[in-house]
Amino acid sequence: MSAQLSIHVAGDERSVQQGTTGTDLFGEDRRVVAMRVDGQLRDLFREVPDGAAVEPVDIGSPDGLNVLRHSTAHVLAQAVQQVNPAAKLGIGPPITDGFYYDFDVETPFTPEDLKALEKAMQRIVNEGQTFSRRVVSDDEARAELAHEPFKLELIGLKGGAAEAADGAEAEIGAGELTIYDNVRRDGSVAWGDLCRGPHLPSTKLIGNAYKIMRSAAAYWRGSEKNPQLQRIYGTAWPSKEELRAYTDRLAEAEKRDHRKLGAELDLFSFPEELGSGLPVFHPKGGVIKREMEDYVRRRHIEEGFEYVGTPHISKEALFHTSGHLPYYAESMFPSFDLDGVDYRLKAMNCPMHNLVFKSRGRSYRELPLRLFEFGHVYRNEKSGVVHGLTRVRGFAQDDSHSYVTREQAPAEIKHLLNFCLGLFRDFGLDDFYLELSTRETEGEKKDKFIGSDEQWDEATAILEQVATESGLELVADPGGAAYYGPKISVQARDAIGRTWQMSTIQYDFNQPERFGLEYQAADGTRQQPVMIHSAKFGSIERFLGVLVEHYAGAFPVWLSPVQVLGVPVAAEYDDYLRGVLDRMKEKGIRTELDVSDDRFPKKIRNASKSKVPFTLIAGDEDRAAGAVSFRYRDGSQKNGVPVDEAIELVQQAITDRAQV
RNA sequence: GCCGCUUUAGCUCAGUCGGUAGAGCAAUUCACUCGUAAUGAAUAGGUCAUCGGUUCGACUCCGAUAAGCGGCUCCA
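Residues numbered from 1 in each chain as written. Chains lettered and ligands numbered in written order. Predicted model: local features only at pLDDT ≥ 70, side-chain atom pairs only at ≥ 80, totals over all residues. Heavy atoms only, no water.

> Quick question: what am I supposed to make of the overall build of chain A here?
The secondary structure content of chain A amounts to 20 helices and 33 strands. By its C-alpha atoms, chain A is 90 × 75 × 55 Å across when sized along the principal axes. Sorting the 660 residues of chain A into buried and exposed places 50% on the buried side. Contacts spanning at least 24 positions in sequence make up 68% of the contacts within chain A whose residues lie at least 6 apart. For chain A, the exposed surface amounts to about 30200 Å²; the carbon and sulfur share of it is 48%. In chain A, which carries 80 positive and 103 negative side-chain charges, the distance between the mean positions of the two groups comes to 3 Å. (Helix = DSSP H or I, 4+ residues; strand = E, 2+ residues; numbered from the N terminus. Buried < 20%, exposed > 50% of the residue type's maximum accessible area, 1.4 Å probe, protein only. Contact = heavy atoms within 4.5 Å. Areas by Shrake-Rupley, 256 points an atom, 1.4 Å probe, with all protein chains shown as cover. Lys, Arg positive; Asp, Glu negative; His and termini not counted. Charge placed at Lys NZ, Arg CZ, Asp CG, Glu CD.)

> Sorry if this is basic, but what is going on with the protein's contact with RNA strand B here?
Around RNA strand B, the structure places 55 residues, and the nearest of them are Tyr219, Gln228, Arg391, Lys602 and Arg605. Counting only the atoms of RNA strand B that lie within 4 Å of the protein, the sugar and phosphate share comes to 50%. Contact distances for RNA strand B include 2.6 Å between a sugar or linking oxygen and a backbone N or O atom of Gln501. One of the side-chain nitrogen or oxygen atoms of Ser629 is found 3.3 Å away from a base nitrogen of RNA strand B. Of all the elements in the fold, those that place two or more residues in the surface near RNA strand B are strand S12 (210–219), strand S13 (228–236), strand S25 (499–508), helix H18 (600–609), helix H19 (620–625), strand S32 (627–631) and strand S33 (637–642). In terms of residue class, the surface near RNA strand B is made up of 17 nonpolar, 16 polar and 22 charged. (Near = heavy atom within 4 Å. Polar contact = N/O pair within 3.5 Å; in protein donor to acceptor, adjacent residues only side chain to side chain. Nonpolar A, V, L, I, M, F, W, Y, C, P; charged D, E, K, R; others polar.)

> What's the story with the pattern of salt bridges in this structure? I'm lost.
Between side chains of opposite charge, pairing is possible as soon as their charged atoms come close. Tallied over the full model, the rule gives 39 salt bridges. Salt-bridge contacts for Arg36 lead to Asp63; the nearest nitrogen and oxygen are separated by 2.9 Å. Residue Arg36 is located in strand S3 (residues 32–37), and its partner Asp63 is located in helix H2 (residues 62–83); the two are separated by 27 residues in the primary sequence. For the salt bridge of Asp294 with Arg290, the shortest nitrogen-to-oxygen distance reads 3.5 Å. Highlighted residues: Asp294 and Arg290, both in helix H9 (residues 283–302), separated by four residues, approximately one helical turn. Assessed through its relative accessible area of 35%, Asp294 is described here as partly exposed. The class of Arg290 is partly exposed, set by a relative accessible area of 39%. Through salt bridges with shared partners, a single ionic network connects Arg298, Arg299, Glu302 and Glu303. (Salt bridge = Lys/Arg side-chain N within 4 Å of Asp/Glu carboxyl O.)

> Explain the packing of aromatic side chains here, please?
On inspection of all chains with the given rule, the structure shows 30 aromatic pairs. With a centroid separation of 5.6 Å and 80° between ring planes, the pair formed by Phe424 and Phe543 is classed as edge-to-face. Taken together, the residues span a long stretch of sequence, with Phe424 in helix H13 (residues 409–426) and Phe543 in helix H16 (residues 540–551) at a distance of 119 residues. The exposure classification of Phe424 matches that of Phe543, with both residues buried. Arranged with centres 4.9 Å apart and planes meeting at 55°, the rings of Phe427 and Trp558 form a pair that is tilted. Of this pair, Phe427 sits in the loop between H13 and strand S22 (432–438) while Trp558 sits in the loop between H16 and strand S29 (564–568), and the two are 131 residues apart along the sequence. Residue class for Phe427 comes out buried when judged on its relative accessible area of 0%. By relative accessible area, Trp558 is classed as buried at 6%. Aromatic ring contacts, followed pair by pair, group Tyr295, Phe424, Phe427, Phe432, Phe537, Phe543 and Trp558 into a single cluster. Sitting over the face of the ring of Trp237, Arg69 holds its NZ or CZ atom 4.4 Å from the ring centroid. A cation over a ring is seen here: Arg362 above Phe357, with NZ or CZ 5.5 Å from the ring centre. (Phe/Tyr/Trp six-rings, centres within 6.5 Å; stacked < 30°, edge-to-face > 60°. Lys NZ or Arg CZ within 6 Å of the ring centre and 35° of its normal.)

> I'm lost on the sheet that holds S22 in this one. Help?
Hydrogen bonds between backbone atoms are what pair the strands of a sheet, whose relative direction is either parallel or antiparallel. Spatially, the eight strands line up as an open sheet ordered S16-S20-S21-S28-S25-S24-S22-S23, and their pairing is mixed. Here the strands that pair on one side only, and so sit at the sheet edges, are strand S16 (306–307) and strand S23 (474–478). Note: strand S21 (residues 394–404) against strand S28 (residues 530–535), six bridges, orientation antiparallel. Each bridged residue has a counterpart across the sheet, and for His401 the counterpart in S28 is His533. Where H9 meets the sheet, its contacts fall on S16, strand S20 (369–378) and S21, and the angle it forms with S20 comes to roughly 155°. Along the sheet, helix H14 (residues 453–469) contacts S22, S23, strand S24 (487–493) and S25; its crossing angle with S25, the most-contacted strand, is approximately 130°. (Pairing = 2+ DSSP bridges. Axes fitted to C-alpha atoms, helices over the stretch in contact; angles between N-to-C directions.)

> Just checking my understanding: could you explain the packing of helix H17 (residues 574–586) against helix H20 (residues 643–655) for this structure?
A pair of packed helices is characterised by two quantities: the angle between their axes and the separation of those axes. Two numbers describe how H17 lies on H20: the axes approach to 10 Å, and their chain directions differ by 45°. Taken together, the axes of H17 and H20 are oblique relative to one another. Crossing of H17 over H20 shows right-handed handedness. Two secondary-structure elements touch here, H17 through Tyr576, Val580, Arg583 and Met584 and H20 through Val643, Asp644, Ala646, Ile647 and Val650. (Parallel < 35°, antiparallel > 145°, perpendicular 65-115°, else oblique. Left-handed = near helix turned anticlockwise from the far one by under 90°.)

> Could you clarify how one ought to interpret the pairing of S24 in this entry?
In the case of a regular strand, side chains alternate between the two sheet surfaces. Counting buried positions along S24 yields six of seven residues, so the element is predominantly enclosed. When S22 meets S24, the two strands line up antiparallel, connected through six bridges. Opposite Phe432, over in S24, you have Ala492 as the bridge partner. Pairing analysis gives six bridges linking S24 to S25, with the strands arranged antiparallel. Looking across to S25, one finds that Ala492 is bridged to Trp500.

> Got a minute to help me understand H9 in this structure?
Every α-helical turn comprises 3.6 residues, leaving residues that sit three or four positions apart pointing alike. Its 20 residues place the ends of H9 28 Å apart at the C-alpha level, agreeing with the 28 Å of an ideal helix rising 1.5 Å per residue. Taken together, the buried positions of H9 are Gly285, Val287, Ile288, Lys289, Glu291, Met292, Glu293, Tyr295, Val296, Arg299 and His300. Elements in contact with the buried residues of H9: strand S15 (280–281), S20, S21, H13 and H16. A positive backbone phi angle near 90° is found at Gly304, which sits one or two residues after H9. (Expected span 1.5 Å × (residues − 1).)

The following block contains the structure:
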């Protein structure tokens, strides 16, 4: 048996003996943890077939990291069952920057449990266990995993792994079932798990560059109808240094947390007296909010919108007309009675704008008719989801509705998308992508949506076309549509990598019908308009929160609550500096003067901590020269700037929306 | 909503075994008038989240509620 095989290794043709494995090809290089054979990820110890194209998988590559993290998840699961043999296994896939594993246990894990598990994992890692792959039939797997009810359920779902649960495809592939045994150096089997693989050649490679991060409950297969399992999150990296870099990154992200910075910079707070998810903006946060509002109001008018105003509450019947009740009832606050009539707080502005449209006859000549306002809406968010400014119960949408003919719809959607993208650029946000949210026609969610198949198909096709033409990254979000129509949303990433839905553009054929909206066409017939909902910030509150994190509180000059902070070298120069700041105020620049009795270095420290873009210093030298000195956030200096020039410099930075 | 954790001065946090609370920063006052990240001293500040229970006695133990944190589910 010494037949020769001809294979391609990393692009080069090679002749090797039959039976050659990945380990034979790449075993020398410890960074190679798996291989791709004709595109398929494989364990290194597997034999390479004739004619195959083989690529090494580096531990630092996306595939390699997934293998590392998935194997680490196995080590965690082994540790859990070692400590608590009664723990039942859920799924344990790699995720961004780490992995998790779900367990069904009697009592949730405590922080002490997690510490103990981390130690148990280290012992397993040090044993240098190998992962041994074994193909099993469905029946064999069922027999072997009789005591693992969740794994049995997965076996039953084989082939439909994608629907089984996010991450379930790591356990079962579409093809044959496999079990991976963890084998000690003496050949004894320590543990085994139903798994598609591939895995590291040895647990040794995990080294000590892993960490258990936290535990939390998670619903089995992602549905709140199912029992909750206890999920342990962990992370794993090719080296200790990379693990350190990751934890440093998390610490850095924590410093940018808008909830923390919001309190430190005196921007906003959540008074307990008001209730969960109801923010108040302090004067400094109010400045940013107003700058955002001024900007977006002006931009809407430039883009052909007309500013309207509507109330916060209405008779409940309006929301029956719109379809919010019952389709959106869960998110609306309960009704309250006024003289025998039920009223509701509004959760969306569209029904009110429809009434503006309907207030008189409309002509095709008026279309597109674009109505816009800052609509304050109230949503009964479940207690567990309220989160800083990014998920609140009362917020302002910069909400608009464009009423158009069917023919005008694509151009209007393009118009709105460009509007949104321009806004993102002006606010300096660049880490974002588009999401196309569509309805679900199967499964339990399908009854959440109203309208005909033809309507949905047309609306979805138009949105998809515009989104694709934008050339931006586009992610599908099946089932994420509003009940009345599909939507494009712009998703922004915050400092800790979470993504937030900001702008949305929604195509709605349902509400015009439900409200009986119509316009008179050129031929004299009455036609139904299409309405296109859009919110550019989405929520003023959320957008502001994301801005705080994006800038870590160091806003560009035009958004800074205080643009220039005057720091006199001694009290003697207060008046001189006040004079300079007064001249700036006349030009609309936001200034403050530090007249506290702190000493100069302390004032500099305070100025620095407050993250103002321009600290303006004046002492004897400056006063004598009719000048001031600039100190920037990075500590750099620009001394002896003539006052006129200084004012010009600040004004320019504001106009340019510059970061300094 | 579900699971787990947390709640002490404006902020960050100590508080031993159940015997009625302490620091730093911030604030206020005084002195210092100072050129680039903390001058010194003094003063004031608390229904220990709220309500109930156990106890001679509760910040401490138990329960409920509220708010927050980490997830899940859900969303702008």
